[in-house]
Amino acid sequence: MGVEAHATNERVTGRKWTVRLDPVGRGRADVRVSCSRPACAAQVLPSAAAGRTAAIAHLKAHLRAGPAPRPSAQCACRAEECHTHIRPAGPRERPVPWRCGGAVVLAVVTDREGRWWQVMECCSRCAAAHPTAKVVATAPAAEAPARSDGFRADAAAPATPGRTATPGGPAATTPTFSSAGPHFSHSATATAAGTAVPQQASAPPSAPRSDHRSDPRSAPRSARPPRRRPPRGRIAQRLVPHDLRPVALRDELTELGELFRAYQARTEPDLAMLADLHARKAEAFHAWAEATADTGLRLDARRAEQAAATARLQHLHRIGQAPDGEGPAVARLLTAPAQWNHARSVLAHVAENAPLPGAEARLLVVMVTLRTAQSGVGNLVGQDIKGLPLPDPEQLVGQLVESGWLGISGTVEELIASRPENPTRITVPSLTPDEDDPGPFTFGRKLRPKLSGWAQRVVGEKKLRKGKTEADVRLLALALATGSDGEGRLGPGGEGIGVDTLSSWCAVDPGDLPALVDRLTAADWLAEADVTGTLLTGRLTERVLPLGCPLT
């Protein structure tokens, strides 16, 4: 018996694994699906949609093949000292040291963008702390361990006052426990306890016999119909009291809980809808807190207000608009995240497929690629080339033609001398689509001139032009414009951009990069710039933020 009790008290750490969806490389459409479980190999899929489908199928296969959650498992996130769990609501819900509270569940937590899915074996309170968690399985209630005196642990609890079992009387009411907390069972009888139910003594002959059919109070307890309460709603892991008043508030909370669960079942996020739901929840929780004087409800209402503001701001950022009552924070030349990603894809393609070495050739290839990106064919005039900081543009154009990368209708001299009323027709064979190869870019005909105009605005920016900066400085300006966040901080999350990446893009040695950074700082492009052995940190100045393509 002692061995069994010891085994029951042993706790194992809950399972936890993650399925991720990551890009294979910058400017590439294919993605990599990886799983943190050691036996799973990574997969490469041709598109994000295919990768997301494969990741979800992989996750479902694990969930189908894996065991159910274990009642004795320790919370996976509690084991990592996570401090975001919902605290117990009352003194009777004190959590045991190895979990926060509630039944052990298998929960799937994901981000709204669909880039990773994490499975955790944790308790229900921990799952409730994650707004995107979905419970896929719940562990059965653990049976109470037997004691050395032969009784179950729950039989040792004191009986309810006034319900103590007496010989020949009804059995005592005993508590039983479930994942929802302690509740008392009124259906326990002496028969269930293993003793016979005593029969009712016969009435003396002189006593009048009562008619059970005429007096319902004298009917046996088991014959009375059970008292049923109306169903209770649930929102944010809270049960809506059936007697909550006003009734309109109770109905609003119940409806909101159903709407939140329906939103979690959606395949694609709708941040505008989510913001409205959080706003309604905040208002309803404020009213609930006023009706019950519950401080926890007031805190939940404030969190809902913050969640509504965040979701609404994210929605406005996605559609390229500013918050209500404000002008655009930054009036960007390229306004949508899709356009920013296409600009990055063009620069990444040029970096991988430049036909000639050197910063001057790289800059000219960028501008010609943007002129011919959609169909492989475009028009060029002499001013387009002479406006670039190229020491010998004729020689450079001739080298591109000799390499076969560029085709022109006429001679190089005629291209340099051409004017807007008589442009020169150019072709780039590697960008011309055919039946077998649609080309490296997926944007449409209307976006191509926007991207070309954006690049011309960056490399021909007034202070860069007046400072007579070289091609490598202007290539660095292009890289930083597409490598900063919405506030202009360099790198994802403002953590900086790798020095090796920038030197490779600008076609210069890493040791020459600090000098280029100084030139951009002098031209009021960069502020707070710092070049270390591996990273360039800093931010774009407010003057050039409209030219940026923020990282999303």
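Reading the values: rules and limits
- Residues numbered from 1 in each chain as written.
- Predicted model: local features only at pLDDT ≥ 70, side-chain atom pairs only at ≥ 80, totals over all residues.
- Heavy atoms only, no water.
- Helix = DSSP H or I, 4+ residues; strand = E, 2+ residues; numbered from the N terminus.
- Buried < 20%, exposed > 50% of the residue type's maximum accessible area, 1.4 Å probe, protein only.
- Contact = heavy atoms within 4.5 Å.
- Areas by Shrake-Rupley, 256 points an atom, 1.4 Å probe, with all protein chains shown as cover.
- Arc of directions from axis to C-beta.
- Axes fitted to C-alpha atoms, helices over the stretch in contact; angles between N-to-C directions.
- Parallel < 35°, antiparallel > 145°, perpendicular 65-115°, else oblique.
- Left-handed = near helix turned anticlockwise from the far one by under 90°.
- Nonpolar A, V, L, I, M, F, W, Y, C, P; charged D, E, K, R; others polar.
- Salt bridge = Lys/Arg side-chain N within 4 Å of Asp/Glu carboxyl O.
- Pairing = 2+ DSSP bridges.
- Expected span 1.5 Å × (residues − 1).

Enquirer: Tell me what's going on with the overall build of the protein chain, and back it up with residues and numbers.
Expert: On a plain count of helices and strands, the protein chain comes out with 17 helices and 18 strands. Per-residue burial over the protein chain gives 36% buried out of 552 residues. Within the protein chain, residue pairs in contact and separated by at least 24 positions form 58% of the contacts whose partners lie at least 6 positions apart. Total accessible area computed for the protein chain in this model is approximately 31,900 Å², and 53% of it derives from carbon and sulfur atoms.

Enquirer: If you had to explain helix 16 (residues 499–506) to someone new, which residues and values would you point to?
Expert: Along helix 16, the residues classified as buried are Val-499, Leu-502, Ser-503, Trp-505 and Cys-506. Along the long axis of helix 16, the arc covered by the buried residues comes to 165°, so they all point the same way. Positive backbone phi, approximately 60°, marks Ala-507, located one or two places after helix 16.

Enquirer: Which residues make up the packing of helix 15 (residues 471–481) against helix 16, and what are the values?
Expert: In helix packing, the relevant descriptors are the interaxial angle and the interaxial distance, both defined with respect to the helix axes. Orientation of helix 15 relative to helix 16, taken along the N-to-C sense of each, is 130°, at an axis distance of 9 Å. As summarised for this structure, helix 15 and helix 16 are arranged oblique, according to the angle between their axes. Here the hand of the crossing between helix 15 and helix 16 comes out right-handed. Every residue of helix 16 that contacts helix 15 at Asp-472, Leu-475, Leu-476, Ala-479 and Leu-480 is listed here: Leu-502, Trp-505 and Cys-506.

Enquirer: Kindly report on the packing of helix 13 (residues 447–459) against helix 15, identifying the contributing residues and their values.
Expert: Here helix 13 crosses helix 15 at 125°, and the two axes come no closer than 9 Å. When the axes of helix 13 and helix 15 are compared, the pair comes out oblique. Regarding helix 13 and helix 15, the two cross each other, and that crossing is right-handed. Listed contacts from helix 15 to Trp-454, Ala-455, Val-458 and Val-459 of helix 13 are Arg-474, Ala-477, Leu-478 and Ala-481. In terms of residue class, the contact of helix 13 with helix 15 is made up of seven nonpolar, no polar and one charged.

Enquirer: Go over the pattern of salt bridges, please, and point to the residues and values.
Expert: Applying the stated criterion across every chain, the model contains 20 salt bridges. Between Glu-255 and Arg-280 there is a salt bridge, with its nearest N and O atoms 3.9 Å apart. Note that Glu-255 is positioned in helix 5 (residues 247–264) and Arg-280 in helix 6 (residues 271–292), a separation of 25 residues in sequence. Here Glu-528 and Arg-539 are joined by a salt bridge, their closest N and O atoms 3.3 Å apart. Linking Glu-528 in strand 17 (residues 526–531) with Arg-539 in strand 18 (residues 535–540), this pair joins segments that are 11 residues apart in sequence.

Enquirer: How would you explain the sheet that holds strand 4 (residues 43–45) if you had to name every residue and give the values?
Expert: With antiparallel pairing, the six strands of this open sheet are ordered in space as 4-3-2-7-6-8. Each edge of the sheet is formed by a strand with only one pairing partner; in this case those strands are strand 4 and strand 8 (134–138). Averaged over all pairs of adjacent strands, the angle between strand axes in this sheet comes to 20°, irrespective of strand direction. Summarising the sheet, strand 6 (residues 104–110) and strand 8 pair through four bridges and their orientation is antiparallel. Its bridge partner lying in strand 8, Val-105 is registered against Thr-138. Each of strand 2 (16–23), strand 3 (31–35), strand 4, strand 6, strand 7 (116–123) and strand 8 touches helix 2 (residues 48–65); the most contacted strand, strand 2, lies at about 170° to it.

Enquirer: Can you break down the environment of Trp-17 residue by residue, with the values?
Expert: As for its placement among the helices and strands, Trp-17 is situated in strand 2. Residue classification places Trp-17 among the buried residues on the basis of a relative accessible area of 5%. Along the chain, Trp-17 and Val-119 lie 102 residues apart, while their C-alpha atoms are 5.5 Å from each other. Leave out the neighbours within four places in its chain, and Trp-17 touches Cys-35, Ser-36, Arg-37, Leu-59, His-62, Leu-63, Trp-117, Gln-118 and Val-119.

Enquirer: So what's going on with helix 6? Residues and values would help.
Expert: Taking 1.5 Å per residue, 22 residues should reach 32 Å; helix 6 reaches 31 Å between its end C-alpha atoms and fits that length. In the stretch just after helix 6, Ala-293 is the one whose phi turns positive, near 55°.

Enquirer: Would you mind going over the sheet that holds strand 15 (residues 424–427) in detail, with residue names and values included?
Expert: What the three strands build is an open sheet, ordered 13-15-14; its pairing is antiparallel. Strands with a single pairing partner mark the edges of an open sheet, and in this sheet they are strand 13 (377–380) and strand 14 (407–408). The sheet contact formed by strand 13 and strand 15 spans four bridges and is antiparallel. Residue Val-377 lies in a different strand from strand 15, and its bridge partner there is Thr-427. Running at roughly 120° to strand 13, helix 9 (residues 359–372) makes contact with strand 13 and strand 15 of the sheet.

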